[in-house]
Number of protein chains: 2
Amino acid sequence: MPDNAAGIPVKIIAVGDELLEGRTADTNSQRIQRAIGGHGVQVALIQVVPDRPSDIVRALDRTEDGDLVFVSGGLGSTPDDLTREVVADWAQAPLAEDPAVRAQLEQRWKKRGLKTSSGADRQSQVPRGMKPVTNPVGSAPALVGRLRGRMLVLLPGVPQELEGLLKPVVLMLHDMGALPQPSPTLLWRTAQAAELNLVKTCADIRARYSNLDWSWWLTDWGVDIRLASRSTTAGPGDLAAAEKELDLVLGRLVYSRRMESLPQVVQRLMLDRRRTLSVAESCTAGLIGGRLTDQPGSSGFFRGGILAYADEIKKEQLGIPAAMLREKGAVSRETAEAMATGCRGKIGTDYAVAVSGISGPDGGTQAKPVGTTWVAVATPVAVFSRQYRFPADRQRNRLLTVAAAIDSVRRVLEGGDDKSPWAADDSWCLPS
Amino acid sequence: MPDNAAGIPVKIIAVGDELLEGRTADTNSQRIQRAIGGHGVQVALIQVVPDRPSDIVRALDRTEDGDLVFVSGGLGSTPDDLTREVVADWAQAPLAEDPAVRAQLEQRWKKRGLKTSSGADRQSQVPRGMKPVTNPVGSAPALVGRLRGRMLVLLPGVPQELEGLLKPVVLMLHDMGALPQPSPTLLWRTAQAAELNLVKTCADIRARYSNLDWSWWLTDWGVDIRLASRSTTAGPGDLAAAEKELDLVLGRLVYSRRMESLPQVVQRLMLDRRRTLSVAESCTAGLIGGRLTDQPGSSGFFRGGILAYADEIKKEQLGIPAAMLREKGAVSRETAEAMATGCRGKIGTDYAVAVSGISGPDGGTQAKPVGTTWVAVATPVAVFSRQYRFPADRQRNRLLTVAAAIDSVRRVLEGGDDKSPWAADDSWCLPS
């Protein structure tokens, strides 16, 4: 853990019986961490406690004067929701109704045609010294204020509600001087690079810019690299210099320099060029189409595809010759490329991506072990393919295949319809 | 939280810098909870702390004599992995090399053609008073033993490794008398029932069997209900009586009475009957095919399908007449049923399921608001369909659609090819 004597200590408390019974994992603490990361603060402790006053009080007592404390959960309107009252009691900050909050809640229920619930009474109560922050998604406002020396932030436990409140809460904490301005952070979102390979690739730069804060995050699409300058030891010049070098060394492993998903990048490139895409999936059975359409607007470029899980379907729907399947096999360059070109013609799109592989645990052979997967991309002028050897179990192999397929389309869009989207040193790829 | 004076208090400590930087959410604590749930224990506190000796010690000091304490993380071989040493120091239980562990580790590295790493020295060290439990997935053994009045369990932080160790660790804790035998627990896995509706449906039984432990878990497929008898206040007779009543009241909402997924149930039914299935997906764009093939063996029943995301594809690949699309629209009974029968014939399977809907956020109208979705199932003798009104955002609407589609197939397989899989009171369904 990086030393940061100047950092404000942050403690997070997640309240909820369901978090201690195995029903629900606490994901809110991670959301909070991500919202405040890069602001010069250290999360020192996360506690997960039941919906019981004594447990919540004990957790509060484990915080210290000067801490920034986030408490999630227990702001709802059921009898189990106690956080507001417990905090008011612990801080000896009496609850009083906030008329503005009350009015908002009544407005909200009116709009939805609901009668004002008795929960509204409790949800419009605010401990003295705290300010409410309007909840854009649900009803309970967040509450922020300095009580007993801690800067307390009370948030609802429902993840979408908490997520919707983090931005305004962080702004309020800035205004109150309780959270430093974020240090400049740079982001590189990479795909198709195994974490270990990426670490090796960046080792030299990391050593020469060791005064910068480096962090790695695994994502659905690959690995994110974040770089921040710790204001006490590095200037913006270092960050800019490191950025130049990292851009060069990472090259096209990078699908984005900002917080957008890989499908969003593909969608943007497709829509900008008014191009269309279809998929021919064997082992992934639809997972690629499903992820390509995560975001609204995907109907602007994605038309559909063929799920050719059984070899018969490869023949009947994609025109793969029986002889090819017999001689080369379903998992081969020839079949994958024929699937891609067949799909492109059949569905009638500018591009098509096809996958055919052995996810496991069965089906592997000496020549084609589990994890062997062909990805092919057909463009208006060519068809390219590459063999991967994914190293994992069925579930992970399929997810890696989805990421590889979508990223290969991205690379073709960026590199040109006539250029192979693969290079000799791509992770998991066998030499062409 | 249910009162359980007889319960052994459990505290969980998750160690790892990455858990406090937003990089990784702590999922290990939930795994541990699930492994020990139903054993008559209460998880009283979860703490997430950095890889720093002082923080780990503080977390241990927050446990008490008599506690069962699980510590995950920090057993690896990097310099950040300190748990073993810190615990030995805190407990004043000197580390000594365990020759059996040493031999196992060397064997493991030999098999993989790796040189024994220096990490092996540390990983074969065991604090006095603790026993090692062989790690079936990774290298570091789990360590179990009573130190300073706590029953301590040290586990690796890598989720797959922790998962592989939980079963043997729980068995060892039983043998040591540190964990009671699991109380009998019964499970009902339901789909297509909104949580609130389910709670209402079970309210009467719950009231009359309030001495049993009731818990609800949201899953990818719907809602699980678990029922356990707390050995101190209820006998097995109560559990059996409650089971009879719950079976009756839940009826076909239940897709399983044991820990198998909905796709696994469909696969079992399909393979038993030697039937085949295909999918015609519009709004879900492949998510259904992707989930149906989660488990190995799915090629035994799943053949493939058509992703008809664009209306043109519905026409060209599924034979939907242009007039139907024009007059009824893509999201209609007629189109969904035609998609299902068209797919069944085209792919050549016994059954086909089709979905066509408006996931959102755009595309809704007064007559067909966001969330309006038709699901149709074609069987050898009939085609059935139902309109849903899913209440959520794009992502959740699509996931609800996937669950509804797969569960509708399950219901047809169980109910008969000539009977509609829907009833008047299904959640989210409009009356037929």
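Each residue is numbered by its place in its chain's sequence as written, counting from 1. Chains and ligands are labelled sequentially in the order written, the chains with letters from A and the ligands with numbers from 1. Per-residue local features are limited, in this predicted model, to residues with pLDDT of at least 70; the limit for side-chain atom pairs, both in listing and counting, is 80 or more; totals at the level of whole chains, interfaces and linings are taken over all residues. In computing side-chain properties, one takes all heavy atoms of the structure into account and sets aside hydrogens as well as water.

A. The overall build of chain A, seen in detail. Under the scheme used here, helices are H or I runs from DSSP no shorter than 4 residues and strands are E runs no shorter than 2 residues, and both carry numbers assigned from the N terminus. Within chain A, the secondary structure is distributed over 14 helices and 17 strands. Principal axes of the C-alpha set define a box for chain A whose edges measure 80 × 55 × 40 Å. Taking all 432 residues of chain A together, the buried fraction comes to 55%. Restricting to contacts in chain A with at least 6 residues of sequence separation, those with at least 24 account for 68%. Here, Shrake-Rupley sampling with a 1.4 Å probe gives the accessible areas, and only protein chains in the shown set may cover a residue. Surface accessibility of chain A: about 17,600 Å² in total, with carbon and sulfur atoms responsible for 51%. Charged side chains of chain A number 53 positive and 50 negative; the gap between the two group centres comes to 4 Å. Per-residue accessibility, obtained with a 1.4 Å probe over protein chains only, is compared with the maximum for each type, and a residue is labelled buried under 20%, exposed over 50%, and partly exposed between these values. By the convention used here, residues are in contact when the closest approach between their heavy atoms is within 4.5 Å. A residue counts as positive if it is Lys or Arg and as negative if it is Asp or Glu; His and the chain ends are not included. To locate a charge, the coordinates of NZ of Lys, CZ of Arg, CG of Asp or CD of Glu are taken.

B. Main features of the relation of the copies chain B and chain A. In the superposition of chain B on chain A (RMSD 0.4 Å, axial shift 0.3 Å), the rotation amounts to 180 degrees. Taken together, these values place the two copies in the relation of a two-fold axis. Closest to the rotation axis within chain B is the C-alpha of G286 of chain B, separated from it by 1.9 Å. When the interface residues of chain B are mapped onto chain A, 100% of them again fall at the interface, so both copies present the same face. Alignment of the copies relies on least squares applied to C-alpha atoms, considering only residues that score at least 70 for pLDDT in both.

C. Quick look at the interface of chain B and chain A. With 60 residues of chain B at the interface, the matching set in chain A holds 60 residues. When chain B packs against chain A, close to 4,900 Å² is buried across both sides, 53% of that on carbon and sulfur atoms. In what follows, salt bridge is the name for a side-chain nitrogen of Lys or Arg lying within 4 Å of a carboxyl oxygen of Asp or Glu. On inspection of chain B and its partner chain A, the count reaches two salt bridges. Notably, a salt bridge pairs R398 of chain A with D294 of chain B, separated by 3.5 Å at the nearest N-O pair. Each of two parts loses accessible area, computed with a 1.4 Å probe, when they are put together; buried area is these two losses added.

D. Region of the structure containing the pairing of strand β14 (residues 302-307) of chain A. All names here are of chain A. In terms of residue burial, β14 counts as a mostly covered element, since five of its six residues are buried. A pair of strands counts as paired when DSSP detects no fewer than two bridges linking them. When strand β13 (residues 277-281) meets β14, the two strands line up parallel, connected through five bridges. Across the sheet, L277 pairs through a bridge with F302, a residue of β14. As a crossover connection, the stretch from β13 through helix α10 (residues 287-292) into β14 is right-handed. Orient the strands so they point away from the viewer, and a crossover whose first-strand-to-second-strand path over the helix runs clockwise is right-handed.

E. Expanded view of the sheet that holds strand β10 (residues 212-218) of chain B. All names here are of chain B. Strand order in the open sheet formed by four strands is β10-β11-β9-β12, with antiparallel pairing between adjacent strands. Two strands close off the open sheet at either side, each with one partner strand: β10 and β12 (254-256). Neighbour-to-neighbour, the strand axes of the sheet open up by a mean angle of 30 degrees, direction not taken into account. With two bridges connecting them, strand β9 (residues 185-191) and β12 associate as antiparallel partners. Note that in β12 the partner of R189 across the bridge is S256. Working convention: axes come from line fits to C-alpha atoms, limited for helices to the stretch in contact. Angles between N-to-C directions cover 0 to 180 degrees.

F. Structural view of the packing of aromatic side chains. Residue and element names in this part refer to chain B. Centre distance within 6.5 Å is the pairing criterion for rings of Phe, Tyr and Trp, where only the six-membered ring of Trp is used; planes under 30 degrees apart are then read as stacked, over 60 as edge-to-face, and the remainder as tilted. Evaluated as defined, the whole model comprises eight aromatic pairs over all chains. Ring geometry for Y388 versus F390: centroids 5.0 Å apart, planes at 20 degrees, classification stacked. Each member of the pair, Y388 as well as F390, carries the same accessibility label: buried. Taking the centre distance of 5.9 Å and the plane angle of 55 degrees together, the rings of F390 and W428 count as tilted. Residue F390 is found in the loop between β17 (383-389) and α14 (394-415), and its partner W428 is found in the segment after α14; the two are separated by 38 residues along the sequence. Judged by its relative accessible area of 3%, F390 falls in the buried class.

G. Representation of the side chain of T335 of chain B within the structure. By the element assignment, T335 of chain B lies in helix α13 (residues 333-348). Setting aside chain neighbours within four positions, we find T335 of chain B in contact with K314, I320, M324, L325, G329 and A330 of chain B.

H. Helix α11 (residues 311-318) of chain B, seen in detail. Residue and element names in this part refer to chain B. Among all positions in α11, only I313, K314, Q317 and L318 are buried. Angular distribution of buried residues about the axis of α11 spans 105 degrees; they occupy a single face of the element. After α11 finishes, the residue G319 shows a positive phi value of roughly 70 degrees. Think of it as the arc spanned by the lines of direction from the helix axis to the C-beta atoms.

I. Up close: the side chain of E161 of chain A. Residue and element names in this part refer to chain A. With respect to the helices, strands and loops of the structure, E161 is situated in helix α6 (residues 159-175). Here E161 sits buried without a salt bridge, and the closest side chain of opposite charge, R108, lies 5.9 Å off (N-O distance). When sequence neighbours within four positions are dropped, the list of residues in contact with E161 reads N135, V137, G138, S139 and P156.

J. A look at the environment of A378 of chain A. Residue and element names in this part refer to chain A. Turning to its location among the elements, A378 is positioned in strand β16 (residues 372-378). By relative accessible area, which is 0% here, A378 ends up buried. Spatially, the C-alpha atoms of A378 and Q317 are 17 Å apart, while their sequence positions differ by 61 residues.

K. Inspection of the domain arrangement of chain A at higher detail. For the domain bounds, the source is a domain assignment made automatically or taken from a database. Domain boundaries assigned for chain A yield domain 1 (5-175), domain 2 (185-256) and domain 3 (262-415). Relative placement of domain 1 of chain A and domain 2 of chain A: their C-alpha centres are 34 Å apart.

L. Quick peek at the sheet that holds strand β13 (residues 277-281) of chain B. Taken in spatial order, the 10 strands make up an open sheet running β17(A)-β16(A)-β15(A)-β13(A)-β14(A)-β14(B)-β13(B)-β15(B)-β16(B)-β17(B), and their pairing is mixed. At either margin of the open sheet sits one strand with a lone partner, and together these are β17 (383-389) of chain A together with β17 of chain B. If you compare each strand with its neighbour and ignore which way they point, the axes differ by 15 degrees on average.

M. Quick look at the pattern of salt bridges. Applying the stated criterion across every chain, the model contains 54 salt bridges over all chains. For E97 of chain A, the salt bridge goes to R102 of chain A, with nearest N and O atoms at 3.4 Å. With a relative accessible area of 41%, E97 of chain A lands in the partly exposed category. Overall, the relative accessible area of 17% leaves R102 of chain A in the buried class. In this structure, the salt-bridge partner of R291 of chain B is D294 of chain B, at a minimum N-O distance of 2.8 Å. Residue classification places R291 of chain B among the partly exposed residues on the basis of a relative accessible area of 25%.

N. Local environment of unusual backbone geometry. Note that the residue after G360 of chain A, namely P361 of chain A, is joined by a cis bond; omega there is -5 degrees. Secondary-structure assignment places P361 of chain A in the loop between β15 (351-357) and β16. Despite not being glycine, A285 of chain A shows a phi value in the positive range, around 50 degrees. Within the secondary structure, A285 of chain A is located in the loop between β13 and α10. Its identity is not glycine, yet W428 of chain B carries a phi of approximately 70 degrees, on the positive side. Take W428 of chain B: its relative accessible area is 24%, and that puts it in the partly exposed class.

O. Region of interest: the environment of I32 of chain A. Residues and elements named next belong to chain A. For I32, the location among the structural elements is in helix α1 (residues 28-36). C-alpha separation for the pair I32 and L19, spaced 13 residues apart in sequence, amounts to 16 Å. Those residues within four positions of I32 in sequence are excluded, and the remaining contacts are I12, F70, L155, L162 and L166.

P. The arrangement of the nonpolar core in detail. Formed by 76 residues in total, the largest nonpolar core has its most connected members in L292 of chain A together with L292 of chain B. When near neighbours in sequence (up to four residues on either side) are disregarded, L292 of chain B contacts P263, V266, L277, V279, S298, F301, F302 and I406 of chain B. Here, the term nonpolar core denotes a set of buried Ala, Val, Leu, Ile, Met, Phe, Trp, Tyr and Cys residues that are joined through side-chain atoms within 4.5 Å.

Q. The arrangement of helix α4 (residues 99-111) of chain A in detail. With 13 residues, α4 of chain A ought to run about 18 Å at 1.5 Å a step, and its terminal C-alpha atoms sit 18 Å apart, in line with that. Counting of polar contacts relies on pairs of N or O atoms within 3.5 Å, with two restrictions inside protein: one atom must be capable of donating a hydrogen and the other of accepting it, and residues adjacent in sequence are counted only when both atoms are side-chain atoms. Capping the start of α4 of chain A, D98 of chain A holds a side-chain oxygen 2.9 Å from the backbone nitrogen of A100 of chain A, two or three residues further along. The span expected for a helix works out to 1.5 Å for each residue beyond the first.

R. Region of interest: the pairing of strand β1 (residues 8-15) of chain B. Residue and element names in this part refer to chain B. Most of β1 is tucked away: six of the eight residues are buried. Note that β1 and strand β2 (residues 41-49) share eight bridges and pair parallel. From the neighbouring strand, I8 faces β2, where its bridge partner is V41. Taken together, β1, helix α1 (residues 28-36) and β2 constitute a β-α-β crossover, and its handedness is right-handed. Of the pairings in the sheet, the one linking β1 to strand β3 (residues 68-72) comprises five bridges and is parallel in character. The residue bridging K11 from the neighbouring strand is V69, located in β3.

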